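# Structure at a glance
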Amino acid sequence: MRIVFSIGDIHGTGPEIILKSFLKLRQTGHSFMVAGSYKAMEFYRSRLDLPIELELVSDVAEVSGLCATHCGVLPVLSVAEPESICPGVVSADAGRIAMLSVAAAAELCRQGVCDAMVTAPINKEAVAMAGFRECGHTGFLGKLFGVDSPTMMFYDPVTDLRVALATIHEPLEQVPELVRNMDLAGFLERLAVSLRTDFGLVRPRIAVLGLNPHASDGGVMGSEETESIGPAIDRVADRLLVEGPFPADGFFGAARYRNYDMVVAMYHDQGLLPFKVLAFDTGVNVTLDLPIVRTSPDHGTSFDIAGSGKASERSFLEAALLAIRIVRNRKQIDT
C-alpha cells in the first residue's frame with residue numbers, strides 16, 4: 001500500500017510532523033511519499049537533524065516506478081519550490097505550494113498510483129493570499145472530484161468518538177437557514193453508508209444534536225428541532241439507528257457519546273469544541289463521500305513552534321494509520 005502526504009504550509013509544522021511520523025511508519029511495510037517541496041522537506045530534515053533519507057522525484061512516471069525497496073527512503077514529488085523558507089510566516093508562496101501539493105496528491109490517488117492521501121495542515125489566510133477560491137481542504141477536494149458537499153468527520157482512535165458536521169466553515173448567522181434548507185435525512189443516510197464502508201460498522205448508532213440551547217425545549221427557543229431536525233430523523237428511522245435531537249451540552253457532559261458510533265453536530269464549534277477537548281493530540285479529520293481516501297491531523301499549522309522541533313506528530317501518525325485502515329476496509333467491501 002502506498003500513502004501520499006501533502007506537505008501543508010511549508011512555514012508551519014507540516015514538514016516536521018511528516019518526517020517524525022515517517023520514522024515510525026517506515027517499519028509498517030507500506031510505502032510513503034510526499035507531494036510538495038523537496039527544498040522544504042530537506043530544510044526541516046537538516047534543521048531537526050532527523051535520520052531520514054529523502055529522494056527527489058520529478059514526475060508521476062517516476063512515482064509509478066518506485067518499488068517496495070524504497071520503504072526506508074521518503075520520496076518527495078516536487079510540485080513547486082519556494083524562493084525562501086521562513087518558519088512561522090504567513091505567505092502567498094507557502095499557500096500556493098500547499099494547495100498545489102494537495103492537488104498533486106489527489107491526482108496520484110485518482111490515478112491509482114497511491115491508495116490514500118494524508119494532508120498536513122494548511123493556513124487559510126496564506127491560501128487565500130495565493131488566490132485560491134476554495135481555501136480549505138474539504139471544499140477544494142470536493143471541487144476536484146465533483147462532490148458538492150463532502151462530509152467533514154472527526155475520529156479519535158483512543159475514545160472511539162466520531163463527530164460529523166452538518167455544516168462546516170459557515171458564519172453562525174447563516175447556520176440556522178442552512179440547517180432548515182439542507183437534506184438532513186440524505187446526509188444521515190450517506191453518513192451511515194460511510195460508516196459501514198470505511199469503518200466496518202454494519203448497523204451504526206447515530207446521535208443527532210439540536211441546533212438551539214436545550215434542543216429548543218420543545219420549540220421555546222427556536223423551531224429548527226421541531227420543524228427540520230426531528231422530522232429528518234423520523235424519515236430515516238425505519239432504516240437507520242438514529243436518535244435525537246439532543247441538547248449538546250448535556251449530551252457531552254454526561255458522556256452519552258459513548259453509547260453511539262457517530263455524533264452529528266449542527267455547526268463547527270458545537271462538534272469540534274468538545275471533540276478537541278477530548279482528543280486534541282490524537283484526533284483525526286476524515287473527508288467522507290470522496291472516491292479517494294483522505295485523512296489529516298486535527299490541528300492547524302502551529303506557526304508559533306514551526307521549525308523548533310517541538311511539534312507532536314501523534315495526530316498525523318494516527319491519520320496515516322487510519323487511512324491505511326480505511327483502504328483495507330474499502331477493499332474488503334469491493335471483494
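The notes below deal with the structure included here.

Reading the values: rules and limits
- Residues numbered from 1 in each chain as written.
- Predicted model: local features only at pLDDT ≥ 70, side-chain atom pairs only at ≥ 80, totals over all residues.
- Heavy atoms only, no water.
- Axes fitted to C-alpha atoms, helices over the stretch in contact; angles between N-to-C directions.
- Helix = DSSP H or I, 4+ residues; strand = E, 2+ residues; numbered from the N terminus.
- Parallel < 35°, antiparallel > 145°, perpendicular 65-115°, else oblique.
- Left-handed = near helix turned anticlockwise from the far one by under 90°.
- Contact = heavy atoms within 4.5 Å.
- Nonpolar A, V, L, I, M, F, W, Y, C, P; charged D, E, K, R; others polar.
- Buried < 20%, exposed > 50% of the residue type's maximum accessible area, 1.4 Å probe, protein only.
- Pairing = 2+ DSSP bridges.
- 1 Å grid on protein atoms, 1.4 Å probe; cavity = no way out; pocket = protein on both sides within 12 Å on 5 of 7 lines; lining within 4 Å.
- Points joined across faces, edges and corners; volume = space filled by probe spheres on them.

### Focus on the packing of helix H1 (residues 14-25) against helix H2 (residues 38-48)
- One way to put it is that H1 packs onto H2 with a least axis distance of 9 Å and a crossing angle of 65°. Regarding the angle of H1 to H2, the classification is roughly perpendicular. Helix-helix and strand crossings are classified by hand; for H1 and H2 the assignment is right-handed. Packed against H1, whose contacting residues are Pro-15, Glu-16, Ile-18 and Leu-19, the element H2 presents Met-41, Tyr-44, Arg-45 and Leu-48 at the interface.
- A class-by-class count of the residues in the contact of H1 with H2 yields 6 nonpolar, no polar and 2 charged.

### Focus on the pairing of strand E10 (residues 262-265)
- Side chains Met-262 and Val-264 project from E10 onto one buried face, and the interleaved Val-263 and Ala-265 project onto a second face that is buried too.
- Both strand E8 (residues 205-209) and E10 contribute to a ladder of 3 bridges, which runs parallel. The partner of Ile-206 across the bridge, within E10, is Met-262.

### Comments concerning the sheet that holds strand E5 (residues 116-119)
- What the 12 strands build is an open sheet, ordered E3-E4-E2-E1-E5-E12-E11-E6-E7-E10-E8-E9; its pairing is mixed. Edge positions in the sheet fall to strand E3 (53-57) and strand E9 (241-246), since each has one partner strand and no second. With direction set aside, neighbouring strand axes in the sheet form an average angle of 25°.
- Pairing between strand E1 (residues 2-6) and strand E2 (residues 31-36): 5 bridges, direction parallel. Paired with Phe-5 across the strands is Val-34, a residue of E2.
- Taken strand by strand, H1 contacts E1, E2, E3, strand E4 (73-78) and strand E12 (294-297), and its axis lies near 145° from that of E4.

### Some points on the layout of surface pockets
- Approximately 910 Å³ is the volume found for the largest pocket.
- What lines the largest pocket is a set of 38 residues, and nearest its centre among them are Thr-138, Gly-139, Met-152, Ile-168 and His-169.
- Mapped onto the lining of the largest pocket, the elements with two or more residues apiece are helix H6 (137-145), strand E6 (151-156), helix H8 (184-199), helix H11 (268-279) and E12.
- Partitioned by chemical class, the residues of the lining of the largest pocket number 15 nonpolar, 14 polar and 9 charged.
- When its volume is computed, the second largest pocket comes out at roughly 170 Å³.
- In this structure, the second largest pocket is lined by Thr-13, Ile-17, Phe-280, Asp-281, His-299, Gly-300, Ser-302, Ile-305, Lys-310, Ala-311, Ser-312 and Ser-315.
- The residue inventory of the lining of the second largest pocket, partitioned by class, reads 4 nonpolar, 6 polar and 2 charged.

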